[in-house]
Amino acid sequence: METLRPKSIDELAEALREAAGGGKRIRLGGNFTKNRMGGPSPAPDVVISTCELRRIVEYDPRDLTISVEAGLPFAELERIAGEHKQMAPLDPPFYAGATVGGVVAANTNGPRRRLYGACRDLVIGMKFVTLEGKLVSSGGMVVKNAAGLDMAKLMVGSMGTLAAIAVVNFRLAPRPPASRTYASSFSTLAEAFAARDALLRSPLQPVAIDLLNPAAAARIGRQGYLLVVQVGGSEAVMERYARELGRAAVEGESEAELWRRIREFTPEFLAAHPQGAILRISSTLSGLKQVMGAISAPIVARAGTGVGYAYLDDAEQAARTLADATERGWKAVMEFLPEKPPAGLVPWPAPGDDFAIMEKIKRMFDPGHLLNPGRLYGRL
Amino acid sequence: MIPQEAKRELAAIVGPKGYLDRDEDLALYEYDGGVDMARPEMVVFPQTSEQVAAIARITAKYGIPMVGRGAGTGLSGGAIACQGGVMISFARMNRILEIDLENERAVVQPGVVNLDISLAVDADGYFYAPDPSSQKACTIGGNVAENAGGPHTLAYGVTTNHVLGLECVLPDGSVFTTGGKEVDLPGYDLTGLLTGSEGTMALVTKVVVRLMRKPEAVQTLLAVYDDPEDCGRTVAEITARAITPVAIEMMDGVLLRMVEEATHAGYPMDAAAVLLIEVEGLKEATEEQVEQIREACLGCGAREVRMARSPEERDLLWKGRKNAFGAVGRVSPSFVVQDGMVPRAKIPSTLRFIRQVSERYGLLISNIFHAGDGNMHPIILFNKRRPGELQKALRAGEEILEHCVAEGGSITGEHGVGIEKLALMRVQFSEDSIECMVRLKRLFDPEERLNPGKLYPTHKGCLEIRQPALRPGAILY
Ligand SMILES: Cc1cc2nc3c(=O)[nH]c(=O)nc-3n(C[C@H](O)[C@H](O)[C@H](O)COP(=O)(O)OP(=O)(O)OC[C@H]3O[C@@H](n4cnc5c(N)ncnc54)[C@H](O)[C@@H]3O)c2cc1C
């Protein structure tokens, strides 16, 4: 199959227009690290990758903003910002291979979202190319913007089903001078949540609060319910945390390694389980207790945000757990699918009453249903 | 014109005390603090989402335009009925429906006043972060429509970062909900698209917001300068030191003197500019940051740095800032204010440009702005009795905004496009970008009945019916 790798935004526009004009089904992506994410998509007629669009469009560190093309590897973005002690703290999985456009289109994020927010919060502007070959821009290079519709929000998490992201502008954050991580094991769920609740009610402002159940903790060589808390700030602030949270913190290499394991939990699981699947359950801070109480498969939870990821060994178990979650009224999707998804699998069982509008938006951008069809959890 | 029959049907939904249709009553609703005026034919005051939906269905049946209204503080002409029709005031949908501290959320009706959310959870140690300077009056519905910011959004983000779900009524009367208390829901982020859409896509009838834990320590500083451009350099220096204050507000000398005369906040009358800087967080963090900020200010030419030593002193320092517009109104009843955005590093050059514009037009322009994020608020004073001076002031404002765009910024950071900045949309966005916005809008409102003539610079604009607010004695802002 032919893969087009346009080297400029004009070429990207041309490729899209031509493919769509010829009624070709398009698979759009960056480095295609997340092929199992989203939904089963029929075989395309043409593959278009943004991986050759890798320019830094604009970066003035004094502004704490950066504009880059979509194909830039996310790790490269972080490296460049890091040179100026700045960061885009999204912590996406598939870190080494993921492109900026893929991270944003898939809305992948990670532990530090508790303090810094997710893609929708860090993206301040965007340029995207429609199937008509038109370049549309939204937002800009300023951290606040009330001019025009915030169309970039539509692209975040769209899984490439609407248009091709060409340029993304981020707000950056200054890197805190010091960082520590506290990892504590609890023998019961109740104790782990009590510790989390105490933290949330305190004036402390952790960067990340993750909770792994015993099955998940075991996969990274730990045990029990593992509450992992990262804090950042000056040495005086680190002292304060030490007084409040104890001395058992890790820092430096071992801290980075612990978070790397958590960040890459998903890719490592998928590699080990070709027929495995991952559910993403969007819950609340309190609802997460029920979710973690009900599912015994490995769960990694953003315990300061209310999102839980459940790792199921095989397709059947995953489908059963998804059905059960939906039955209980939880908002769940099958985020990553088995390599060979069973026929009739619906990764997004219960869309809300805003779904009709989403369908209209899809039709507006892609009337022929050509662009990544089905990639948005089988529904769009 | 609204047919009599439609009026009767609308009145039946909200009851005899639930609407206004006499001219003298409607006059109160023709203005939002901006330059433009237009009178609705009827104002209705629904109390429930069902009533809003029923109202929308009737307007659909008769093809009547609709516009939502919160507190009418929008400034850009967004909340006025420039094609007549029905105005839907959310003043009576002002209940906080749920406070869910355990999940850091509140669910509110759109007419709830911004500050009232923070007041409701204050005793429990929480707050709602976006704090427009108008927060004692403006409503959450208006905030969602405009994606409002405020002094403290520098660190905490603007409305869109704190609104997680909406209940909406479409112009045809159908109801839908987006988002919720949870995050990362699958599908397109309609909450994010609707936030900042200036009430042109749907009427918002319920809002889920994020609540945050109040910081344990707050420190407030006032740095005094003899040269306004030094303020701009200070902002860059603070950023370079990796400090993120929750607020950095700048006021120039012109404004300072007006404010001091009105509020007696204790600002130095002879200064060229001041920065009001606030840091929040852990005690240990704020103590250090205050020291570093003091160094940065002095290093960038501040002649003096004062620190608030008590909550009372802090309130006094903020009092001047929060009452700034009132103070300007005492001196010059007529002024226009813009809220252009520039990248932070472009603040000094933009201040220089504004000074040149002021000289060229022979109009006094004073500056007050959210310096931390580059949100300029030049206030252009003029004498409305002098023929042509309003037009001159508007033109000066446009020139400043064109400059902001040329510097890589935006024509508006908070107030929205409304009617006021319609013509400038084309300065900032390409035809293709505008077309995409218009097509999206039409998916929600195919008949273009909802808040028509705003935001999108299409041929159906309101500009041609523009009637500047020139009532004698009226405050033009
Ligand atoms: C002194 C002063 C200081 C200000 N400072 C700031 C500031 O610091 N930051 C800032 O961002 N803004 C500021 N503003 C501007 C203004 O207060 C904000 O834009 C605010 O969000 C408007 O809220 P409102 O309730 O007054 O809305 P309105 O003016 O009544 O309406 C604004 C828009 O919202 C729409 N709307 C209202 N309610 C709904 C609803 N329920 N559903 C759909 N659409 C709706 C209207 O149709 C209109 O288009 C200031 C204004 C003044 C007068």
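1. Considerations on the overall build of chain A
Right, on to step 1. Along its length, chain A carries 14 helices and 18 strands.
Right, on to step 2. Since a compact globule built from 380 residues should have a radius of gyration of about 21 Å, the 21 Å found for chain A is in line with a globular shape.
Right, on to step 3. In terms of overall dimensions, chain A has a C-alpha envelope of 65 × 50 × 35 Å along the principal axes.
Right, on to step 4. Of note, chain A has its 46 positive side-chain charges centred 2 Å away from the centre of its 41 negative side-chain charges.

2. A word on the interface of chain A and chain B
Right, on to step 1. Counting residues at the interface gives 75 residues for chain A, matched by 83 residues for chain B.
Right, on to step 2. For chain A, the biggest contributors to the area lost against chain B are Lys-144, Leu-149 and Met-364 of chain A; these three give 13% of the whole.
Right, on to step 3. Inspection of the region where chain A meets chain B yields eleven salt bridges.
Right, on to step 4. For the pair chain A and chain B, the number of links is 30 residue pairs in polar contact (both at pLDDT 80 or more).
Right, on to step 5. Considering each element in turn, the side of chain A that touches chain B owes the most residues, seven residues, to helix H14 (residues 355-365) of chain A.

3. A word on the sheet that holds strand E9 (residues 175-179) of chain B
Strand pairing in a sheet takes place through backbone hydrogen bonds and is either antiparallel or parallel in direction.
Residues and elements named next belong to chain B.
Right, on to step 1. Ordered by their spatial adjacency, five strands build an open sheet running E5-E6-E10-E8-E9, and the pairing between neighbours is antiparallel. Each having just a single partner strand, strand E5 (96-100) and E9 make up the two edges of the open sheet. Direction aside, the axes of adjacent strands within the sheet are offset by 10 degrees on average.
Right, on to step 2. When E5 meets strand E6 (residues 105-108), the two strands line up antiparallel, connected through four bridges.

4. Focus: helix H14 (residues 389-406) of chain B
Owing to its 3.6 residues per turn, the α-helix brings residues three or four apart onto one side.
All names here are of chain B.
Right, on to step 1. Look at H14: 26 Å from first C-alpha to last across 18 residues, which is about the 26 Å you get at 1.5 Å a residue.
Right, on to step 2. Of all the positions in H14, only Glu-389, Leu-390, Ala-393, Leu-394, Ala-396, Gly-397, Glu-399, Ile-400, Leu-401, His-403, Cys-404 and Val-405 are classed as buried.
Right, on to step 3. Residues of H14 that are buried in the fold lie against strand E16 (335-337), helix H13 (347-361), strand E17 (365-370), strand E18 (378-381) and helix H15 (425-428).
Right, on to step 4. Positive phi shows up at Gly-408, right after H14, with a value of about 95 degrees.

5. Topic: the domain arrangement of chain B
Residues and elements named next belong to chain B.
Right, on to step 1. Looking at chain B, the domain boundaries give domain 1 (4-89), domain 2 (96-213), domain 3 (217-328) and domain 4 (332-466).
Right, on to step 2. The gap between the C-alpha centroids of domain 3 and domain 4 is 27 Å.
Right, on to step 3. With 19 residues of domain 3 in contact, the opposing surface of domain 4 contributes 20 residues.
Right, on to step 4. Counting each side, the surface lost to burial between domain 3 and domain 4 is near 1600 Å², with a carbon and sulfur contribution of 67%.
Right, on to step 5. At the boundary of domain 3 and domain 4, one finds two salt bridges.

6. Examining the site of the ligand
Residue and element names in this part refer to chain B.
Right, on to step 1. Taken together, 37 residues are adjacent to the ligand, and Gly-68, Gly-70, Thr-73, Ser-134 and Thr-139 come closest.
Right, on to step 2. A distance of 2.7 Å separates an oxygen atom of the ligand from a polar backbone atom of Gly-70.
Right, on to step 3. In the model, an oxygen atom of the ligand is placed 2.7 Å from a nitrogen or oxygen of the Thr-139 side chain.
Right, on to step 4. For the ligand, the accessible surface in isolation is 980 Å², of which the surrounding protein chains cover 94%.
Right, on to step 5. Looking at the shell around the ligand, the elements with two or more residues in it are strand E3 (66-69), helix H5 (140-146) and strand E10 (203-210).
Right, on to step 6. Of the residues forming the shell around the ligand, the biggest block, five residues, is contributed by H5.
Right, on to step 7. Class assignment of the residues belonging to the shell around the ligand gives a composition of 15 nonpolar, 18 polar and four charged.

7. A word on the packing of aromatic side chains
All names here are of chain A.
Right, on to step 1. Taken as a whole, this structure holds nine aromatic pairs over all chains when the rule is applied.
Right, on to step 2. Measuring from centroid to centroid gives 5.8 Å for Phe-94 and Phe-336, while their planes differ by 35 degrees, and the two rings are tilted. With a gap of 242 residues between them, Phe-94 in the loop between strand E6 (86-87) and helix H3 (100-106) and Phe-336 in strand E18 (residues 331-336) connect regions that are remote in the sequence. Accessibility classification places Phe-94 together with Phe-336 in one group, the buried group.

8. Notes on the sheet that holds strand E16 (residues 299-302) of chain A
Residues and elements named next belong to chain A.
Right, on to step 1. With antiparallel pairing, eight strands are arranged side by side in an open sheet as E14-E11-E13-E12-E16-E17-E15-E18. Taken across any chain shown, the strands that pair with only one partner, and hence form the sheet edges, are strand E14 (249-250) and E18.
Right, on to step 2. In this sheet, E14 lies alongside strand E11 (residues 178-186) in antiparallel orientation, the contact comprising two bridges. Across the sheet, Tyr-182 pairs through a bridge with Ala-249, a residue of E14.
Right, on to step 3. Contacts from helix H12 (residues 287-294) reach strand E12 (208-212), strand E15 (277-282), E16 and strand E17 (307-312) within the one sheet, and its direction differs from that of E16 by about 175 degrees.

9. Some points on unusual backbone geometry
Right, on to step 1. In this model, Lys-85 of chain A sits at a positive phi of 55 degrees, which is unusual for a non-glycine residue.
Right, on to step 2. Locating Lys-85 of chain A in the fold gives a position in the loop between helix H2 (74-82) and E6.
Right, on to step 3. Located in the positive-phi region is Asn-451 of chain B, a residue other than glycine, with phi close to 45 degrees.
Right, on to step 4. In this fold, Asn-451 of chain B is placed in the segment after helix H16 (431-444).

Criteria and cut-off values
- Residues numbered from 1 in each chain as written.
- Chains lettered and ligands numbered in written order.
- Predicted model: local features only at pLDDT ≥ 70, side-chain atom pairs only at ≥ 80, totals over all residues.
- Heavy atoms only, no water.
- Helix = DSSP H or I, 4+ residues; strand = E, 2+ residues; numbered from the N terminus.
- Rg over C-alpha atoms; globule rule 2.2 N^0.38 Å.
- Lys, Arg positive; Asp, Glu negative; His and termini not counted.
- Charge placed at Lys NZ, Arg CZ, Asp CG, Glu CD.
- Contact = heavy atoms within 4.5 Å.
- Buried area = accessible area lost by both parts, 1.4 Å probe.
- Salt bridge = Lys/Arg side-chain N within 4 Å of Asp/Glu carboxyl O.
- Polar contact = N/O pair within 3.5 Å; in protein donor to acceptor, adjacent residues only side chain to side chain.
- Pairing = 2+ DSSP bridges.
- Axes fitted to C-alpha atoms, helices over the stretch in contact; angles between N-to-C directions.
- Expected span 1.5 Å × (residues − 1).
- Buried < 20%, exposed > 50% of the residue type's maximum accessible area, 1.4 Å probe, protein only.
- Domains from an automatic or database assignment.
- Near = heavy atom within 4 Å.
- Areas by Shrake-Rupley, 256 points an atom, 1.4 Å probe, with all protein chains shown as cover.
- Nonpolar A, V, L, I, M, F, W, Y, C, P; charged D, E, K, R; others polar.
- Phe/Tyr/Trp six-rings, centres within 6.5 Å; stacked < 30°, edge-to-face > 60°.

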